Amino acid sequence: MEMELKVNQDNCLGCGVCVVACPVNASISNEVAGGHGSKTTETIMMVENGFIKLFSPEKCTKCGTCQLFCPTDAIWLE
Amino acid sequence: MPKHIVSGLKYLTAVELIRDGYSQKEVAKILEMDRSTVSHYLNGRNLSWNSIEIAKIITEFCPKDFLILTYALMQEKARIVVKTCSNSKYKGKIKESCIGCGLCADICLMKAIVLNDLKAQIDSNWCCGCLICGESCPTNSIEILEVK
Amino acid sequence: MMISNTKEVQALDFEISRSAEEKRELLYKDDICIGCGICEKTCPVDAIELGSIGAIVRTGADVPKIVCDEDKCVLCGMCSVVCPVDALEFKIDDESIKDMDEYPQLINSAEINDDTCIYCKACETACPRDSITIARNLPDRSKLVTGEIDIDKETCIDCGICEEMCPADAITIEHKLPTPDDPTVSSDIIVDKDKCVYCLICKKSCPVSAIKAACRSCSYGEYDLNPEDTVTTGSSFIDHETCVKCGWCQEICPVDAATVVKTFKGELHIDQDTCQACGACVDICPCNVLSFPQSTVPGKSPEKVMSDENYCIYCGACDNVCPVKAIEVKRTDINHTPTKSKSWEKQIDSLKT
């Protein structure tokens, strides 16, 4: 019954709000949370080539913050 | 065939009960038979020796098999048969880890277990040593000991 | 030899039962559950799993906060006893274990003293669970004022100025169109003496001085007034099914009419450096303990998340949901009735952290 982090790249604007808002991302890398970090696979997700991509989804604690901030339903928990 | 085996089991039980001092009338009431049938059995009539032999073999199964087979044959009436014809007496010890869930009380075919203050209590008079309660206990809190 | 449980699911609620020597039933109500996970911690057979409560509560996902595996559950009733909000009810042969002495109970309560309560409704507004309803009957306005008023209908020109100015809507003019046989613009002017407060505004504003009125409150007021007529009466009701005994009513009541007894004593620690202000804890807390403080002085940032332990029930839901482990909830004492069972005492004691 565990919920899972899901992304829909068709909806994604690549705005990066989820990346910045994610508290786990912020605790892993201040630069990523500040919106200008270099690419790392340690964070849960990052924008790559204009679309959101999940790198370490196993670190997700399902708090729902990304889903609340995403303007286009491109990332959610199900 | 099954009803002949049941007759055999009832015969063995009647013999034990008489030996324990019960009257024929009391035995008839306990086994839900006519008093006259009890008398016939005790005098070797209306019963084949083969049935009695098979019944004797069943009483010598391990307690779990004895109980399960007799219960399949006689349902609730099996209790008094198993109690009376058991070769040994058993004592149940319940550990402090018992959580009073009642699974053992529900599952015990001999109805030997009750809950008291959230802890199981096993009645030695009725425990037949089948160990079914111990197998189903979620906290492994039951120990059944044979009393010599 | 198997006695199996049956499970019935209705929306997000479930009922697990087993019928043999006794009938045992476990009933779960999801809208009462606060996601504290105490049931999951306590279950001796690990039958209960706490869901992703952050996502469930914040995004409104149609998923229950806990799931109980009916094949593992042995219907011992422990989860029901330790649930701090009674989201899990346990019955044996249709009787709740709350009515059985051998089962321990958590001790908690919330009460409003009807003798002290002044029906100000602060508790009703403050209650984070909307559990409180205050009904009140206001005193009769006419009994709290004293005076005289009389409108001279001969002098009155039906201009309607008094009707418009009256702050209590006590004056009514029956306006009408004039006809040759009755060339007047109103048929009557009426003062509702139940509404009139003798403020004399009508008298002062009447352009033709048609109103005679006097207020006696200052000179007579205290003598005319019956103290019983000034009292607001009413009743209070706390829905104990949804009440979580947070203590908001107790803290906010201006006359100390509300008394709350809490089950857990404990401590709440927030590591402001680790906190990323995602708001999951603020959203999950059933007791309005946590909030994002507003900055009052520019350039001076307040704490990221602030807490007031007066309202905390130490359920630990915030501790569960925090994605970066910035919140820690410790329980140091559990108020409960005794039980003779050592295993039950041990499980309840293990709630201390």
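Just so we're clear, the structure is a prediction, and the values are computed from it rather than from any experiment.

Peer 1: In this structure, what is going on with the overall build of chain B? I would like to understand it.
Peer 2: Check the secondary structure of chain B and you find eight helices and four strands. When the elements of chain B are put in sequence order from the N terminus, they spell out α-α-α-α-α-α-β-α-β-β-α-β. Considering only C-alpha atoms, chain B reaches an extent of 50 × 25 × 25 Å along its principal axes.

Peer 1: Hey, could you run me through the interface of chain C and chain B in this one?
Peer 2: With 21 residues of chain C at the contact, the number on the chain B side is 18 residues. If one sorts the elements of the side of chain C that touches chain B by residue count, helix H12 (residues 342–349) of chain C sits on top with three residues.

Peer 1: Can you help me understand the interface of chain C and chain A in this one?
Peer 2: Think of interface size as the accessible area that goes away when the parts come together; that is how it is often given. Each partner contributes residues to the interface: chain C has 16 residues there, and chain A has 16 residues. Broken down by element, the side of chain C that touches chain A gets its largest block of residues, four residues, from helix H2 (residues 53–59) of chain C. Per-class residue counts for the side of chain C that touches chain A are seven nonpolar, seven polar and two charged.

Peer 1: Got a minute to help me understand the nonpolar core in this structure?
Peer 2: The nonpolar side chains of a soluble globular protein tend to be buried with one another. In this structure, Cys249, Cys281 and Cys318 of chain C are the most contacted members of the largest nonpolar core, which totals 141 residues. It is helix H1 (residues 2–19) of chain B that provides the largest number of residues to this core, a total of five residues. In contact with Cys318 of chain C, not counting residues within four places along its chain, are Cys281, Ile284, Cys285, Leu290, Ile327 and Val329 of chain C.

Peer 1: Looking at this model, I keep getting lost on the domain arrangement of chain B. Mind explaining?
Peer 2: Residue and element names in this part refer to chain B. Structurally, chain B comprises domain 1 (2–85) and domain 2 (89–147). Computed from C-alpha coordinates alone, the two centres of domain 1 and domain 2 are separated by 26 Å. Sort the elements by how many residues they give to the side of domain 1 that touches domain 2 and helix H5 (residues 63–74) lands first, with four residues. Of the residues contributing to the side of domain 1 that touches domain 2, the split by class is four nonpolar, no polar and three charged.

Peer 1: How should the packing of H5 of chain B against helix H6 (residues 78–85) of chain B be read in this particular structure?
Peer 2: Axis angle and axis distance: for two packed helices, these are the angle between their axes and the distance between the axes, and together they describe the pair. Residues and elements named next belong to chain B. At their nearest, the axes of H5 and H6 sit 9 Å apart, and the two run at 145° to each other. Our pair here, H5 against H6, has a crossing hand that is right-handed. Contacts from Phe66, Leu67, Thr70, Tyr71, Leu73 and Met74 of H5 reach H6 at Ala78, Val81 and Val82. The residue inventory of the contact of H5 with H6, partitioned by class, reads eight nonpolar, one polar and no charged.

Peer 1: How should unusual backbone geometry be read in this particular structure?
Peer 2: Residues other than glycine predominantly adopt negative phi, and peptide bonds predominantly adopt the trans conformation. Residues and elements named next belong to chain C. Positive phi values are uncommon outside glycine, yet Ala11 reaches one of about 55°. One can find Ala11 in the loop between strand S1 (6–10) and strand S2 (13–19). You can call Ala11 exposed: it has 9 C-beta atoms within 10 Å. Phi is positive for Asp169, which is not a glycine, with a value near 50°. Tracing the sequence through the fold places Asp169 in the loop between helix H6 (161–165) and strand S11 (171–175).

Rules of the game
Residues numbered from 1 in each chain as written. Chains lettered and ligands numbered in written order. Predicted model: local features only at pLDDT ≥ 70, side-chain atom pairs only at ≥ 80, totals over all residues. Helix = DSSP H or I, 4+ residues; strand = E, 2+ residues; numbered from the N terminus. Contact = placed C-beta atoms within 7 Å. Nonpolar A, V, L, I, M, F, W, Y, C, P; charged D, E, K, R; others polar. Core = buried A, V, L, I, M, F, W, Y, C linked by C-beta atoms within 7 Å. Buried ≥ 20, exposed ≤ 12 C-beta atoms within 10 Å, placed from the backbone. Domains from an automatic or database assignment. Axes fitted to C-alpha atoms, helices over the stretch in contact; angles between N-to-C directions. Left-handed = near helix turned anticlockwise from the far one by under 90°.

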